[in-house]
Amino acid sequence: MEQELVNVVIDGRPVRVPAGTTVLEAARQVGVDIPTFCNHPKLTPIGACRMCLVEVEKMRGLQTACTTQVREGMVVLVNSPAAREAREWALRFLLTHHPLDCPVCDKGGECSLQDQTVAHGPAESWFIEPKRHKKKAYPLSPFIILDQERCVLCRRCIRFCEEYSDHRQLGLFERGRETFLDVFPGIPFTSKFSGNTVDLCPVGALTSRVFRFQARVWELAEVPGVCNYCGVGCNIAWGVKNNRVRRIVPREHAAVNDQWLCDKGRFAHAFLHDARRLRTPLVRRNGKLEEATWEEALAQVAERLVAIVQEHGPQAVAGLGSTRTTNEASYLFQRFLRAVVGTNNVAHLGRLPQGAVLLEDIPSLAQADLVVLAGVDPSEELPLLDLWIKRGVLRRGAKVLALHPQRVELSRYNGLRLAYRPGAEAALAGALTKALLESGKARKVAHSEAVEEGLRGSSLAQLAEAAGVAPAQVREAAALLASAGKAVLLTGEGWVATPYGQDALQALANLARLAGAEGPFYLAPDNNTVGATDVGLVPDRFPGGQPLDDRRVQDRLSKWWGVRKLNAAPGLAAQDLWPALAEGRVKALYVLGADPADESALAAQALEQAEFLVVQDLFLTETAKRAHVVLPAAGPAAEEGTYTNLEGRVQHLGAILRPLGASRPDWWIVQEVARACLAALGPGAGRDAAAWQFKGPGEVFAEMAKAIPAYAGMHYVALGSYGLRRQAEGGLLPLARVAPSWLQPTEDYPFVLWVGRVLYDRGTLASCCAPLQELVPEAALGVHPEDAAPLGLRDGTPARVRSQVGEMVLPVRLDPDLPRGVVVAVRNLGEVSLGTILRPGERATLVQVQKA
Ligand code: SF4
Ligand code: SF4
Ligand code: FES
């Protein structure tokens, strides 16, 4: 339908705008500035501050431009004497009680009150009476501090909490002159998006405790970056003074983070300068890691790796990369192992499952009628997606179907939650499919018989029982799916990181197709999970997923990589690396930015067997402590490069910091290791040292764009500030037969342990942020009260959890929302790593639980 346009004249300038446009928006279109406080383009207008008063011909009195909609023939006077005077008075009133502590206010330099007083305010103050006093420097949370005297009561912060995060924790109290902003009594400001209220606050009433008194904003140099935490890849700007990041603010990106950040991405940047950061290479001498020069460290790496290759062959060396390092570093890492060492033993933990399809469009989550969360909790794992989903819930009444063992934030909305037993995901998806088929609401699609065939041997009741849910709930959920106009299925690591993960993903794909839903889209958890697979940190494929034995690919890559012939034999997958190390088949391991020793005791034990271990990282991690050589990486803000986010958007991050001490960018270190190895191998080794002359990540990217088909045509510079989507690969998994199997509890191991993830944890980087650490929940073992009682467990009782891998003790937290037979622990919370009882990368396993 064509939009009706209306003609308006604003300060003599004609403009034609859609009906419904506000006077404020229309004025902006013709370049007429109207000052505002309470209005914000992302928030519903409320007309509270009276700063935007204008004259409108044929209307009595002055009108608020932010709430008045244009009409055909309207004539608006923004700069008439009456309007100017009214604005001056609005400012005069705001200033009567404003404390004017600009010299010590962090908002100074970007404060609307300062700016508008200069532009529209009175030149002198008439007010000589004592000012009214309210609470100052009043902490609302470890991140946010409130100065009630500075508040202009614009309600922007409150509206953000109502319209986006749906955490209604702030309010205005009392009336008239006495009105003040505060948290609701007894409700702390725990929103994980609280920092956005600091950006929205037009004055210095809400400010950041992390940035407090760190710098005047005009002293900050700002460089565009990308958040290094989760897979959303929010666009940020690092604000730097004296080679230190003082704050992080969002950069607006309509297709990724809009203009918001979660509090972890915004505040948890202390790791960039933490005293525990590695500043110099370390080599092991007489059993102890000691400081060394780069020359010494590189010489030792080259000497040992080359000796092992020469004595035992290239398959005795392996590399473990990361889901966090830049594409350029990871690409060079696999290139080094393949072209210099001669092995495909290159992997990373947290690999995308086969057939994983990436989200097509983040903002479209707000357009869904039903969002299905299959084993994924966006609010804790990918917070910005929580905001996009809530937009649909709050504005369009979208529903949420949460398939999740735990109660998740988004399950508080209309819809349904199915608390299933982890390890039985394929059974749950099968039960839902069966219910859909039985209801006659399944779509008729090609090859759906294969799906029916796969489910023929089990009844809905059996599948529901295996999944630990009631058949009636399954039917209700299937009906919800069938009746939704646009249903979007989201899944993630929690759904697939079980022994039956691949079946679980296939079963979910079958369900989606038969329900006519979009997805399932796999939400990659880390900032560069997608990039790690794209650039080839996998043992069975070359970069871009190209087959190892394809001659044409081999020829092209070997030419660029300076090697006569590339090895076509698949290398060891991450899970096979540990037995290979333990048995001595792999003798040397090069770890880039990963900490397997922390993830699993099995991996830690295997690492002890390594003849030679090189670790390249920011910190002396559990893995680095076991290394023979440790190479210090410069890390975010000190290293340029790209990350690929969960929708396949390749985004550039600039470098603004000088690297700490002697630390160096990851890509540089890998290249130096390669060059040192080439020198040690000598000229007769069939390798060309000229292939290792990259001058910067831009040159590496240029080769990546040639080597990875999905990146074809991309240019480093053309990525610009907002990145480019790489071409989508593959498609939705075709329908296929799945005979649902599941993790079956045994007499010895009667419980299923599920490993949850929370945003605020004690992970290596987040643990450097003291305010965030105040918000980390206590490590505990969630147990259903009816499972706890027979074991004599109560809230707080220490429980011993034993798996086939190991055991640990955790205090019990009774949780009636859990399914029976399931216990839950959250990773990265306690002193003792959950890796003690897990295999690397595992999120569900069988355990026994006893009173300790
Ligand atoms: S604290 Fe800031 S954003 Fe909130 S009402 Fe006061 S001035 Fe407005
Ligand atoms: S949502 Fe993810 S990418 Fe965005 S700021 Fe938070 S952690 Fe960073
Ligand atoms: S901006 Fe219009 S009333 Fe506040």
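Residues numbered from 1 in each chain as written. Chains lettered and ligands numbered in written order. Predicted model: local features only at pLDDT ≥ 70, side-chain atom pairs only at ≥ 80, totals over all residues. Heavy atoms only, no water.

Enquirer: What is the right way to look at the pairing of strand β15 (residues 288-291) in this model?
Expert: Consecutive side chains along a regular strand alternate between the two faces of the sheet. Strand direction decides the pairing type here: strand β14 (residues 282-285) and β15, joined by four bridges, are antiparallel. Opposite R284, over in β15, you have L289 as the bridge partner. Once β14 ends, the chain turns through two residues before running back antiparallel as β15, passing N286 with a positive phi of about 50 degrees. (Pairing = 2+ DSSP bridges. Helix = DSSP H or I, 4+ residues; strand = E, 2+ residues; numbered from the N terminus.)

Enquirer: What is the right way to look at the sheet that holds β14 in this model?
Expert: Strands belonging to one sheet form pairs held by backbone hydrogen bonds; the direction of such a pair is parallel or antiparallel. In space, the seven strands of this open sheet follow the order β15-β14-β27-β26-β25-β16-β17, with mixed pairing throughout. For this open sheet the edge positions go to β15 and β17 (346-348), each flanked by a neighbour on one side alone. Between one strand axis and the next, the sheet turns by 20 degrees as a mean value, whatever way the strands run. By the bridge criterion, four bridges tie strand β16 (residues 317-321) to strand β25 (residues 588-592) in an arrangement that is parallel. Paired with L320 across the strands is V591, a residue of β25. Packing against the sheet, helix α23 (residues 666-681) makes contact with β25, β26 (612-617) and β27 (629-632), and its axis sits at approximately 160 degrees to β25. (Axes fitted to C-alpha atoms, helices over the stretch in contact; angles between N-to-C directions. Contact = heavy atoms within 4.5 Å.)

Enquirer: Help me understand the environment of D534, please; the structure alone is not making it clear to me.
Expert: Following the sequence through the fold, D534 ends up in helix α17 (residues 529-534). Taking C-alpha positions, D534 is 9.7 Å from S330, a pair spaced 204 residues apart along the chain. Separated by 2.6 Å, the side chains of D534 and Y711 make a polar contact. Of the polar contacts made by the side chain of D534, one reaches the side chain of R726; its length is 2.9 Å. (Polar contact = N/O pair within 3.5 Å; in protein donor to acceptor, adjacent residues only side chain to side chain.)

Enquirer: I'm lost on a positive patch on the surface in this one. Help?
Expert: There is a patch of like positive charges on the surface, built from R552, R556, K559 and K706. Among the elements that line the positive patch, the one with the most residues is helix α18 (residues 551-561), at three residues. Secondary-structure assignment places K706 in helix α24 (residues 697-707). (Patch = residues over 30% accessible without salt bridge, like charges linked within 9 Å, V, L, I, M, F, W, Y side chains within 5 Å. Areas by Shrake-Rupley, 256 points an atom, 1.4 Å probe, with all protein chains shown as cover. Salt bridge = Lys/Arg side-chain N within 4 Å of Asp/Glu carboxyl O. Lys, Arg positive; Asp, Glu negative; His and termini not counted. Charge placed at Lys NZ, Arg CZ, Asp CG, Glu CD.)

Enquirer: Please clarify how the sheet that holds strand β4 (residues 62-64) should be interpreted in this entry.
Expert: Strand order in the open sheet formed by five strands is β2-β1-β5-β3-β4, with mixed pairing between adjacent strands. The open sheet terminates on both sides in strands that have one partner only, identified here as β2 (13-18) and β4. The sheet shows a mean angle of 40 degrees between the axes of neighbouring strands, taken without regard to direction. Bridge count for strand β3 (residues 53-56) against strand β5 (residues 74-77) is two bridges, and the pairing is antiparallel. The residue bridging E55 from the neighbouring strand is L77, located in β5. Set on the sheet, helix α2 (residues 81-96) makes contact with β3, β4 and β5; between it and β3 the angle comes to about 160 degrees.

Enquirer: Is there a simple way to think about the side chain of T325 in this case?
Expert: Mapped onto the secondary structure, T325 falls in the loop between β16 and α8 (327-341). Within the local environment of T325, its side chain forms a polar contact with the side chain of S330, the two groups lying 3.0 Å apart. Not counting residues up to four positions away in its chain, the partners in contact with T325 are S330, N528, L592, G593, Y643 and D666.

Geometric descriptors of this kind do not, in isolation, establish any biological role.
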